[in-house]
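# Architecture at a glance
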Amino acid sequence: MNRREFMGAAAMAPLASFQGRPNVIVLLTDDQGYGDLSCHGNPVLKSPELDKLHGESIRFTDFHVAPMCTPTRGQLLSGQDALHNGATSVTAGRALLRRGLPTMADVFSAGGYSTGLFGKWHVGDCYPYRPMERGFQEANYFHGFGMSSVPEFDNDYFNGRYRHNGISQRFSGYCTDFWFGQAIEWMRARQSRREPFFCYLPTNIPHGPTWVDEKYAAPYRKPGLPAAFFGMIANLDENVGKLEAFLRTSGLRENTLLIYMTDNGGTGGVPVFNAGMRGRKTQLWEGGHRVPCFVRWPAGRLRKPGGICVPAQIQDLLPTLIDLCGLKRPDRAQFDGTSLAGLLKGSADKLADRMMVVQYGQILKKWESCVIWNQWRLVNGTELHDIHADPGQKNDVAAGNAGVVKKMRDHYEQWWDRVEPGLREFAPISIGAAQANPVTLTSSDWEEVYCDNMNNLLSGAGGPQGGPWSVFVERDGEYEIALRRWPVEGDLPLNAPCPAKKLTVAALPAGKAFPIAGARLKIAGQDLTASAATGEKATLFRVRLKGGVKTHLHGWFQDAAGADLCGAYYAYVRRLG
């Protein structure tokens, strides 16, 4: 059953009773590692509110995500491995959760819950991948990976831009304060209407750039410490305290299931403390993908707070919540995770024997992975570690455990055979849809080209032609395609540099100018060129396109001699009729 079939069937079915079913909050932080908590032994950082939550929660102490953010988010929302659901990287056309997959928000919405997103999305900026098309009835978010991504490159953590159900608006104050504040007000409104809720609260901190009010960073202004990084976590911790105060005073705390975790291994805090683990974000050793996972539901009759050392993964959370909340499992759902409800309830102390695969990436190669099996970690298909005997993964013990290596390689071979056929299938962005016209395309979604951040844009990275966008033409008609070097909000000529910009606690450097004199566009078998006069801000093309077709849209700029300069970092596509 695909997403449309699942949601249609759910709309026809009677709603189950909500008595005893919890509200749910999923709090996911960005680039905070396992060691970035004082309750995990960090000798410098103070996180008193998260420490309290740690003490009140069931903790999965061997819990795994992807080593980078988008794959983790896709795995959370779909219950599928990244190479299964399509969201395998943060850019390069691989940051989109495949169409038709029911998401966690879809499942809650179908079960009669109100659903809300507050913070970082990063599994699709354009229709039909936006949160509003993936089950969220209320969506407060931004584009790209963060405020310095190409779609948001001149945004600010203070008094910046965000999207409210797809419409650009301004927020007041600091971004993390805003996400928590909006989430609390939304939950308060749901309570007043007696509506059960699923609140997804994925912060964009402490991901860089590390911009935060100095009062939070000041206690860590010492040699060798990442003061601003720790300051962002201090602000996060303060907001966790505000959330907890709201839950208590509102009476929601007892029957609210709260899950806290982080999206990948450590970053800024790794040189200070990494909980004895090897590796960090992007890497396949334990420090790249083992993260905290706290689960608290006071009225849920769960086992007592404490640690569970059974290996688990973020793909397990959707089937777990389906069981705990009495939700309908989508027919023919192909979850790669398994329910942890028995472990949480105390009715089981282990899971059926299984292996898990951690793999992600822009260029997906066989064996670039970590296979997890109880205490064993098979890294890159050859390197074996026993983390019980060697938690720092200093010793490769493959030579002495040939049987273990063979079993883990055999499992990976079967897993790879299952996911590999879909790895060349790039998810297309719709153009010309009635639900989203016009559409803004950015270099973040260039197919197979890494060009997603402020530095890429300002320096003119991505090669002399940039990359193509995979698109799906929704309807027949005439289309206007405007190719730009800079976003429309910047109002800059094609061949102008981007001026430096002062932000609240930082500044953006100036951007490179190119001698742009024209542009070239390829789409649906058409190969077009157009000149650009000095001072023009976009090169415009008009083309007729046939609906129901998946194709590529590829635009780039040229100089007066016809030499290729750089890709079109922004394309604005409008169906005219």
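Residues numbered from 1 in each chain as written. Predicted model: local features only at pLDDT ≥ 70, side-chain atom pairs only at ≥ 80, totals over all residues. Heavy atoms only, no water.

This part covers helix α6 (residues 175–192). For α6, with 18 residues, the first-to-last C-alpha span of 26 Å sits near the 26 Å given by 1.5 Å per residue. Within the span of α6, buried status applies to C175, T176, F178, W179, F180, A183, I184, W186, M187 and R190. Contacts made by the buried residues of α6 are with β1 (23–29), β4 (114–120), β5 (138–142), β6 (161–164), β8 (197–202) and α8 (227–250). Downstream of α6 by one or two residues, R194 has phi in the positive range, about 55 degrees. (Helix = DSSP H or I, 4+ residues; strand = E, 2+ residues; numbered from the N terminus. Expected span 1.5 Å × (residues − 1). Buried < 20%, exposed > 50% of the residue type's maximum accessible area, 1.4 Å probe, protein only. Contact = heavy atoms within 4.5 Å.)

The subject of this paragraph is the nonpolar core. Ranked by size, the top nonpolar core spans 100 residues in total, and within it Y157, M187, L441 and L553 carry the most contacts. In terms of residue count, α8 provides more of this core than any other element does, 12 residues in total. If we ignore the near neighbours within four places in the chain, the residues touching Y157 are M147, F171, G173, Y174, C175, N204, I205, H207, G208, P209, W211 and M232. (Core = buried A, V, L, I, M, F, W, Y, C linked by side-chain atoms within 4.5 Å.)

In this section: the confidence of the model for the protein chain. The share of residues in the protein chain with pLDDT of 70 or more is 97%, and the mean pLDDT across the chain is 96. Every residue in residues 12–17 scores below 50 in pLDDT, and together they form four contacts with partners more than four places removed in sequence or on other chains. (pLDDT = per-residue confidence, 0-100.)

Read from one edge of the open sheet, four strands run β14-β15-β16-β17, paired in antiparallel fashion. Of all strands in the sheet, those with a lone pairing partner are β14 (356–358) and β17 (383–386), marking the two edges. Looking at each pair of strands side by side, their axes are set apart by 20 degrees on average, direction ignored. Sheet topology places β14 next to strand β15 (residues 370–373); three bridges connect them, and they run antiparallel. Its bridge partner lying in β15, V357 is registered against V371. Contacts from helix α12 (residues 402–419) reach β14, β15, β16 (376–379) and β17 within the one sheet, and its direction differs from that of β15 by about 120 degrees. (Pairing = 2+ DSSP bridges. Axes fitted to C-alpha atoms, helices over the stretch in contact; angles between N-to-C directions.)

For the structure shown, the criterion picks out zero disulfides. Note on C370: no disulfide assigned, nearest cysteine sulfur contributed by C309 at a separation of 17 Å. For C370, a relative accessible area of 0% gives the class buried. (Disulfide = S-S within 2.5 Å.)

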